[in-house]
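Listed below, chain by chain, are the residues.
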Amino acid sequence: MSDTSNLRQAALEYHEHPKPGKLEVRATKPMANGRDLSRAYSPGVAEACVEIKNDTANAERFTARGNLVAVVSNGTAVLGLGNIGALASKPVMEGKAVLFKKFANIDCFDLEVEEQDPEKLAEIVCALEPTFGAINLEDIKAPDCFIVEKICRERMNIPVFHDDQHGTAIVVGAAAKNALHVAGKRFEDIKIVSTGGGAAGIACLNMLVKLGVKRQNIWLCDIHGLVYEGRTEDMNPQKAAFAQKTDLRTLDQVIDGADLFLGLSGPNVLKPEMVAKMADRPIIFALANPTPEILPDVAREVAPDAIIATGRSDFPNQVNNVLCFPFIFRGALDVGATEINDAMQIACVDGIAELARATTSAEAAAAYKGEQLTFGAEYLIPKPFDPRLVGVVSSSVAKAAMESGVARRPIKDLEAYKEQLNQTVFKSALLMRPVFEAAKAAARRIVFAEGEDERVLRAAQAILEETTETPILIGRPEVIEARCERIGLAVRPGRDFQIVNPENDPRYYDYWNSYHQIMQRRGVTPDLAKAIMRTNTTAIGAIMVHRGEADSLICGTFGEYHWHLNYVEQVLADGDLRAHGALSLMILEDGPLFIADTHVRQLPTPEELAEITLGAARHVRRFGLEPKIAFCSQSQFGNQREGSGKRLRAAIEILDSQPRDFTYEGEMNLDTALDPELRQRIFPNSRLEGAANVLIFAHADAASGVRNVLKMKANGIEVGPILMGMGNKAHIVSPSITARGLLNMAAIAGTPVAHYG
């Protein structure tokens, strides 16, 4: 079977299984009993209706309208398929709705309308205003799309945005801005030759004019040749605005000296000999899909220094509307904008362009492994899965809407709004805020044992940008330097952070001697101590903390947990400092859940379980939460006398021996811990109220199993594991940790013990 056949079959199966289509509607309020029904529908629903009748602005308070967009198409210009009709366009519109939800958490209904008369279509769209907070017009042929949008924008008091026009134009504008930056050219000086006089092509040219290109320097060609003054064939007012007064008629004749070729037409329109006529360092945007106007390798045969973008994901610089439309709508909806105006569109251009010039995010790098994501000719615009887009672009759009006077609900604190947007992407951000705030009180030095790991390098840059901490990396300087360069990080060893080189460090004698002094009565000879200090980066980091050259160690991005724990305890355990247990914070859709002990004690004694519980209570409060602890077992409040329940009951007796300032209860089944109604039926006198937020298990297998199930099947995000009992001198992460996870752990490690008891 050919690759094309494989792709076709895979795409069809994706759309058909496990249920047809790509989206569904889900309720956001409970509907479990008659009481819920009386509020959701009759008679309670009438109260919301009356409030909206009294003040239409209340629709945003009591309905989903303020976060609901309609994707509307009549199917007359779908992808490269042409006029396939409204029904056949539905898979595309469903896909657009899914992208709105995925990238900007905007709810979306797709509406396929069987109406090809543009004025009648506009009438239908305008009649939908009570339902939606904004309208996204999609895949409507030119020039009909211009008519539909014009009528809707004039008559509707909500944003109307034709993405094929303006979305493409915004992303092209951002790519062009950065391409000119790379090429050392300016908008006002360049000559542009464009092919394609459709909606997207015209909108792109209008955007480039807004960005500073002189209209007389734009040469527009379509299937009939150059658009010139006096031409009557296949003309409309939008094309006529770019007509040139000239005797030239063909693309080949006008391409000479062009700085930028903009193609939104068809395959192989731009020939190599035409590229050879362009200006030095030509910029080529060949955006036809699936086959561009010229393939990048063909263009580079005649212009090796060409800066090239396409519409395809298998080449660098994909011009993709998803970089724009979710985020421009997010910002517009959040300020209650009445329209999406030029100022908002240019703010979107600037936001996208600036983000590409910044250091790439770890999350984008993880989604696009193997690709070079360093700003330059091969990376002009961000990748769609860059999670920073929503914060940067949407806040820029919201700011522009307010400044241009179209925002009905201005945002007072834009920085707080941007942070709120980031929290929708980085689910750990809200919970981690108290930890980051506490960490700001001290400038602690955090040593990373696996300093050559790409995740550690990205975390180090984020630490320098977002905290007051100082990262120290253990690794070979030349390897770290090369990897920072390869993945596009601005930080460099020696300048931005300290490096400990295990192969050649002037402190080598001091380190192995310190290790030998600690371990000489535990069978470690001087030669073995020397070998360990040359090869074991966890031991090196622990020695640095022991000697006071670092405040905390983070290790474990590869290798087995207990292997790392062995060296941490060898060097740093002293008196009351010893590993009590590991606490994992799982961030779930319905809130946080802490689990212990996930790693340290395989079969903890009652005394160890009490220590684990006390440590967990302290750490939970670091996150601004009040601990509600459940001891989890197969046993349920004493119904099994032996097994894990016996040890848990003994741990509770130990805790009960002194007054405690947190709530704990057990032993109980996991569902009993999380379901207050079930617990009330089984054990009405429980001292635990509501759902538990901390689960203590009597066996590490159980704790670790629950942790992994929540990660893999419930899309839980882990913060941790947090090593309890070591005075914050060391934390051992798991090999699956991300760069964001390492940043979170650095914030935890960056808080002195005095801050959390």
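In this text the structure is predicted, and so the values were computed from the model without any measurement. (Residues numbered from 1 in each chain as written. Predicted model: local features only at pLDDT ≥ 70, side-chain atom pairs only at ≥ 80, totals over all residues. Heavy atoms only, no water.)

Caption draft 1: Molecular detail of the overall build of the chain. Regarding its fold elements, the chain presents 31 helices and 21 strands. C-alpha extents for the chain along the principal axes are approximately 95 × 75 × 55 Å. Scored against the burial criterion, the 757 residues of the chain give a buried share of 53%. Contacts in the chain between residues far apart in sequence, at least 24 positions, make up 70% of those at least 6 positions apart. Approximately 33300 Å² of the chain is accessible, and the part contributed by carbon and sulfur atoms is 52%. (Helix = DSSP H or I, 4+ residues; strand = E, 2+ residues; numbered from the N terminus. Buried < 20%, exposed > 50% of the residue type's maximum accessible area, 1.4 Å probe, protein only. Contact = heavy atoms within 4.5 Å. Areas by Shrake-Rupley, 256 points an atom, 1.4 Å probe, with all protein chains shown as cover.)

Caption draft 2: Local environment of the sheet that holds strand 2 (residues 107-112). Spatial ordering of the open sheet is given by 2-1-3-4, a layout of four strands whose pairing is parallel. Two strands in the sheet have a free side with no partner beyond their single neighbour: strand 2 and strand 4 (160-162). Neighbouring strand axes in the sheet, compared pairwise and without regard to direction, differ in orientation by 20° on average. For strand 1 (residues 68-73) and strand 2, the ladder comprises six bridges, and the chain directions are parallel. In the sheet register, Val-72 faces strand 2, and the bridge partner there is Leu-111. Contacting strand 1, strand 2 and strand 3 (134-137), helix 5 (residues 90-104) runs over the sheet at an angle of about 165° to strand 2. Strand contacts of helix 8 (residues 163-183): strand 3 and strand 4, with the helix running at about 75° to strand 4, the strand carrying the most contacts. (Pairing = 2+ DSSP bridges. Axes fitted to C-alpha atoms, helices over the stretch in contact; angles between N-to-C directions.)

Caption draft 3: Layout of the packing of aromatic side chains. Summed over all chains, the structure comprises nine aromatic pairs. Considering the side-chain rings of Phe-100 and Phe-325, the 4.9 Å spacing of their centres and the 65° angle between planes classify their relative orientation as edge-to-face. Of this pair, Phe-100 sits in helix 5 while Phe-325 is found in helix 14 (residues 325-334), placing the two residues 225 residues apart along the sequence. Phe-100 sits in the buried class, given a relative accessible area of 0%. Of the aromatic side chains, those joined through ring pairs into one cluster are Phe-100, Phe-161, Phe-325 and Phe-329. Over the face of the ring belonging to Trp-219 we find Lys-191, whose NZ or CZ atom lies 5.4 Å from the ring centre. One cation-aromatic arrangement involves Arg-534 over Tyr-508; the distance from NZ or CZ to the ring centre is 3.6 Å. (Phe/Tyr/Trp six-rings, centres within 6.5 Å; stacked < 30°, edge-to-face > 60°. Lys NZ or Arg CZ within 6 Å of the ring centre and 35° of its normal.)

Caption draft 4: How the structure looks around the pattern of salt bridges. Inspection of every chain in the model, using the stated rule, returns 48 salt bridges. Residue Lys-90 is joined to Asp-110 by a salt bridge in which the shortest nitrogen-to-oxygen separation is 2.7 Å. With Lys-90 in helix 5 and Asp-110 in strand 2, this pair connects stretches of sequence that are 20 residues apart. Among the residues examined, Lys-90 registers a relative accessible area of 28% and is labelled partly exposed. A relative accessible area of 12% places Asp-110 in the buried class. One salt bridge in this structure joins Glu-149 and Arg-153, with 3.9 Å as the shortest N-O distance. With Glu-149 and Arg-153 both in helix 7 (residues 144-155), this residue pair falls four residues apart, about one helical turn. (Salt bridge = Lys/Arg side-chain N within 4 Å of Asp/Glu carboxyl O.)

Caption draft 5: Seen up close, the domain arrangement of the chain. Along its sequence, the chain is organised into domain 1 (26-158), domain 2 (166-314), domain 3 (322-424), domain 4 (436-572) and domain 5 (581-725). Each of domain 2 and domain 4 was reduced to a C-alpha centroid, and the two centroids are 52 Å apart. (Domains from an automatic or database assignment.)

Caption draft 6: A look at the environment of Ser-89. Tracing the sequence through the fold places Ser-89 in the loop between strand 1 and helix 5. Assessed through its relative accessible area of 0%, Ser-89 is described here as buried. Along the primary structure Ser-89 and Ile-587 are separated by 498 residues, whereas in three dimensions their C-alpha atoms are 38 Å apart. At 2.6 Å, the side chain of Ser-89 forms a polar contact with the backbone oxygen of Ala-86. (Polar contact = N/O pair within 3.5 Å; in protein donor to acceptor, adjacent residues only side chain to side chain.)

Caption draft 7: Inspection of helix 6 (residues 118-126) at higher detail. Listed in full, the buried residues belonging to helix 6 are Pro-118, Leu-121, Ala-122, Val-125 and Cys-126. Relative to the axis of helix 6, the buried residues are bounded by an arc of 135° and lie together on one face. Looking at the buried side of helix 6, the elements it contacts are strand 1, strand 3 and helix 7. Between a side-chain oxygen at the N-terminus of helix 6 and the backbone nitrogen of Glu-119 the separation is 2.9 Å; the capping residue is Asp-117. (Arc of directions from axis to C-beta.)

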